[in-house]
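# Residue-level structural notes
Here are the chains, one letter per residue:
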Amino acid sequence: MTPTNWEVDICLEVIEDVNFDAECDIVGIGAMGQAVIRAIEIAKEFKRRGKTVIMGGYMPSMVPDFVKKVCDSIVIGDSEIAYPQLLKDYENGQLKQIYHSPVKDIKGLPVPKYELLLNKKIGFMLPVQAGRGCPHACSYCSIYCLYRKRYLTRPLDEVIRDIIRVKELGFKAFYLLDDNIMGNPKFLKALCDKIKPLNMVWASQCSILLAKNPQLLKLAAESGCRILSLGVESISQEGLDKLNKKWVKVQEHEELLRRIVDAGILPATEMIVGTDGDTMDSLKQTYDFCYENEYSYSQILYHDSMPGSDLYSEYKAQGRLLHEDYSRYTATNTVFKPQNLLLRNWIRCTGGCTKEFSLPNILKRTILHKNFFKSPLSYLFALGCNLNYMLFIRRGDAPMYFSGKFCYHDRD
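Reference entry: report on the structure contained in this document. All of these numbers come straight from a predicted model, not from anything done at the bench. (Residues numbered from 1 in each chain as written. Predicted model: local features only at pLDDT ≥ 70, side-chain atom pairs only at ≥ 80, totals over all residues. Heavy atoms only, no water.)

Moving on: the pattern of salt bridges. In the structure shown here, the tally under the stated rule is 29 salt bridges. Across the salt bridge formed by Glu 45 and Arg 48, the nearest N and O atoms sit 2.7 Å from each other. On the criterion of helical spacing, the pair formed by Glu 45 and Arg 48 is a turn pair, its members being 3 residues apart in helix H1 (residues 36-48). Owing to a relative accessible area of 61%, Arg 48 belongs among the exposed residues under this scheme. Where Asp 65 meets Lys 68, a salt bridge forms, and the shortest distance between an N and an O atom there is 3.5 Å. Accessibility expressed as a relative area gives 58% for Asp 65, which makes it exposed. Given a relative accessible area of 34%, Lys 68 falls into the partly exposed group. (Salt bridge = Lys/Arg side-chain N within 4 Å of Asp/Glu carboxyl O. Helix = DSSP H or I, 4+ residues; strand = E, 2+ residues; numbered from the N terminus. Buried < 20%, exposed > 50% of the residue type's maximum accessible area, 1.4 Å probe, protein only.)

Right, here's the structure in full:
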């Protein structure tokens with residue numbers, strides 16, 4: 001979306017250092033979740049060096065007041081209209097503090113400038129956007145905060161155009177950027193029909209409801225889908241209901257996930273512990289659920305209330321927030337008073353249950369998995385992810401990818 005009279009350089013701090021001495025007119029920083037704390041540090045340093053700083057992404061969009069003192073402008077939400085206008089205003093010396101121009105559709109987007117990424121160690125996939133938003137209204141979710149049940153899809157031909165460009169650049173895999181690829185089943189079916197002849201593999205985010213549509217699940221696998229990130233969230237139906245996620249049924253978890261595994265797709269299950277339906281017994285059952293079902297990826301996050309979300313407002317109104325220090329809203333800290341758990345027990349649990357990890361368990365769920373030879377590259381990728389996250393977790397600086405048995409001590 002950048003006009004041709006501008007030059008662009010991209011820095012991905014996950015894999016490279018930020019060059020604070022870079023010669024540039026504008027520094028643009030995107031931030032999601034707790035990464036906004038690091039984004040603020042970067043913004044302050046560039047401002048100290050006299051640079052114009054703009055910010056965007058989910059967290060600056062949800063809590064713009066939190067970042068407005070460290071940057072010149074904030075792009076809230078969609079940027080297809082707002083960002084080019086911001087650059088034009090900069091050229092005319094009329095830069096505004098807030099740019100907020102939601103889009104009604106995501107048609108006519110140009111081919112991404114993938115060339116800007118090719119000299120970086122980004123792995124074996126490039127991103128392709130298919131849709132944006134989600135038709136559901138989960139109270140904790142940043143996507144719902146911004147899109148309020150809107151789900152936009154791109155024209156199929158434009159999505160396929162971008163996938164073909166990825167293939168032309170020598171990649172055999174792509175990540176289908178979509179907040180919930182099952183948000184429009186008809187769109188997903190048509191998309192899979194067009195992807196299938198390209199002979200590529202892909203991954204995406206999806207709701208577990210895909211498994212309730214056997215034909216669509218089969219088609220997704222046949223089109224090259226190998227990994228799906230799934231928000232299973234909880235084994236407590238009460239907890240899910242209170243998060244406005246009643247459409248997910250706890251009693252269906254194992255069967256639906258089994259169908260996905262049997263289709264040849266690795267489910268990357270994301271779980272939340274500490275919901276209002278959780279007890280100490282259900283916490284143990286959550287970890288046992290992941291361990292016994294041998295899911296190759298199982299991310300277990302401590303329930304918090306993301307600033308700017310409906311859930312945050314609800315907990316604040318109830319007086320349940322322990323503090324409003326956003327730097328500690330990491331999904332690895334206790335930030336609110338649980339409903340059915342003694343606070344001291346919950347803090348002890350969150351402080352100790354990531355300590356016990358096992359390499360044999362990782363191997364069992366990846367390269368020794370019964371389906372390994374159906375999709376060896378996917379399981380090798382899972383092995384690498386698990387090992388990497390295990391190292392991060394042992395340092396205490398990353399959300400939890402499950403690789404061991406749950407262990408807690410309730411001395412009271």
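Pairing in this open sheet of 4 strands is parallel, and the strands run S1-S2-S3-S4 from one edge to the other. What marks the edges here is a single partner per strand, and that holds for strand S1 (26-30) and strand S4 (98-99). When strand S2 (residues 52-56) meets strand S3 (residues 73-75), the two strands line up parallel, connected through 2 bridges. Residue pairing across strands places Met 55 opposite Ile 74, the latter belonging to S3. Running at roughly 165 degrees to S2, H1 makes contact with S1 and S2 of the sheet. (Pairing = 2+ DSSP bridges. Contact = heavy atoms within 4.5 Å. Axes fitted to C-alpha atoms, helices over the stretch in contact; angles between N-to-C directions.)

With that settled, the discussion passes to the packing of helix H6 (residues 156-168) against helix H7 (residues 185-195). For the pair H6 and H7, interaxial distance at closest approach is 10 Å and the crossing angle is 40 degrees. The angle between H6 and H7 falls in the class oblique. Every pair of crossing elements has a handedness; the one defined by H6 and H7 is right-handed. Residues Leu 156, Asp 157, Val 159, Ile 160 and Ile 163 of H6 pack against Phe 187, Ala 190, Leu 191, Lys 194 and Ile 195 of H7. Looking at the contact of H6 with H7 residue by residue, the classes come out as 8 nonpolar, no polar and 2 charged. (Parallel < 35°, antiparallel > 145°, perpendicular 65-115°, else oblique. Left-handed = near helix turned anticlockwise from the far one by under 90°. Nonpolar A, V, L, I, M, F, W, Y, C, P; charged D, E, K, R; others polar.)

This next bit is on the pairing of strand S8 (residues 173-177). Note: strand S5 (residues 125-129) against S8, 5 bridges, orientation parallel. Bridge pairing in S8 links Met 125 to Ala 173. As judged from the 4 bridges shared by S8 and strand S9 (residues 201-206), these two strands associate in the parallel manner. Residue pairing across strands places Phe 174 opposite Trp 202, the latter belonging to S9. A crossover links S8 with its parallel partner S9, the connecting element being H7, and its sense is right-handed. (Right-handed = clockwise from strand over helix to strand, strands pointing away.)

This paragraph deals with H1. Every α-helix carries 3.6 residues per turn, so stepping three or four residues along brings you back to the same face. For H1, spanning 13 residues, the distance from its first C-alpha to its last is 18 Å, which sits close to the expected 18 Å at 1.5 Å a residue. Those residues of H1 that sit buried are Val 36, Ile 37, Ala 39, Ile 40, Ile 42, Ala 43, Glu 45 and Phe 46. Buried-residue contacts for H1 involve S1, S2, helix H2 (58-62) and helix H3 (64-67). Downstream of H1 by one or two residues, Gly 50 has phi in the positive range, about 85 degrees. (Expected span 1.5 Å × (residues − 1).)

Another aspect to go through is the environment of Cys 206. Position of Cys 206 among the secondary structure elements: in strand S9. As a C-alpha pair, Cys 206 and Leu 228 span 22 residues in sequence and 6.2 Å in three-dimensional space. Ignoring sequence-local partners within four residues, the contact set of Cys 206 consists of Asn 180, Ile 181, Met 182, Leu 228, Ser 229, Leu 230 and Gly 231.

Summarising the element assignment, Lys 249 is placed in the loop between helix H9 (237-242) and helix H10 (253-262). By relative accessible area, Lys 249 is classed as partly exposed at 33%. For the pair formed by Lys 249 and Ser 234, sequence separation is 15 residues and the distance between their alpha carbons is 9.6 Å. A polar side-chain atom of Lys 249 sits 2.9 Å from the main-chain carbonyl oxygen of Lys 246. (Polar contact = N/O pair within 3.5 Å; in protein donor to acceptor, adjacent residues only side chain to side chain.)

Judged by nonpolar contacts, the single largest core of 55 residues is most densely connected at Ile 163, Phe 174, Leu 176, Leu 191 and Trp 202. Ignoring any residue separated from it by four or fewer positions in sequence, one finds Phe 174 in contact with Met 125, Leu 126, Val 128, Ile 163, Val 166, Ile 195, Met 200, Val 201, Trp 202 and Ala 203. Ranked by size, the runner-up nonpolar core spans 42 residues in total, among them Ile 29, Phe 46, Tyr 58 and Cys 138. (Core = buried A, V, L, I, M, F, W, Y, C linked by side-chain atoms within 4.5 Å.)

Located in the positive-phi region is Arg 148, a residue other than glycine, with phi close to 45 degrees. Here Arg 148 is to be found in the loop between helix H5 (142-147) and strand S7 (151-153). Backbone geometry at Glu 233 places phi at a positive 75 degrees, although glycine is not the residue there. Among the structural elements, Glu 233 can be located in strand S10 (residues 225-233).

Throughout the structure, instances matching the rule amount to 0 disulfides. The thiol sulfur of Cys 134 is not disulfide-bonded, and the nearest other cysteine sulfur, from Cys 138, lies at 6.5 Å. On the basis of relative accessible area, Cys 134 is assigned to the buried category, the value being 13%. The thiol of Cys 206 is not disulfide-bonded; the next cysteine sulfur, from Cys 225, is found 7.7 Å away. By relative accessible area, which is 5% here, Cys 206 ends up buried. (Disulfide = S-S within 2.5 Å.)

This model, assessed by the stated rule, comprises 11 aromatic pairs. A ring pair is formed by Tyr 312 and Tyr 326, whose centres lie 6.2 Å apart and whose planes are at 80 degrees; its orientation type is edge-to-face. Here Tyr 326 lies in the loop between helix H12 (310-317) and helix H13 (343-352) and Tyr 312 lies in helix H12, a separation of 14 residues in the sequence. Across this residue pair, the class does not change: Tyr 312 and Tyr 326 are buried. A centroid spacing of 6.0 Å and a plane angle of 55 degrees characterise the contact between Tyr 312 and Tyr 329, whose relative ring orientation is tilted. Taken as a pair, Tyr 312 in helix H12 and Tyr 329 in the loop between H12 and H13 lie far apart in primary sequence, 17 residues in all. An aromatic cluster is defined as three or more aromatic residues linked by ring pairs; in this entry it consists of Phe 66, Tyr 312, Tyr 326 and Tyr 329. Taking NZ or CZ as reference, Arg 148 lies 4.3 Å from the ring centre of Tyr 144, over its face. Between Arg 320 and the ring centre of Tyr 315, over which it is positioned, the NZ or CZ distance is 4.3 Å. (Phe/Tyr/Trp six-rings, centres within 6.5 Å; stacked < 30°, edge-to-face > 60°. Lys NZ or Arg CZ within 6 Å of the ring centre and 35° of its normal.)

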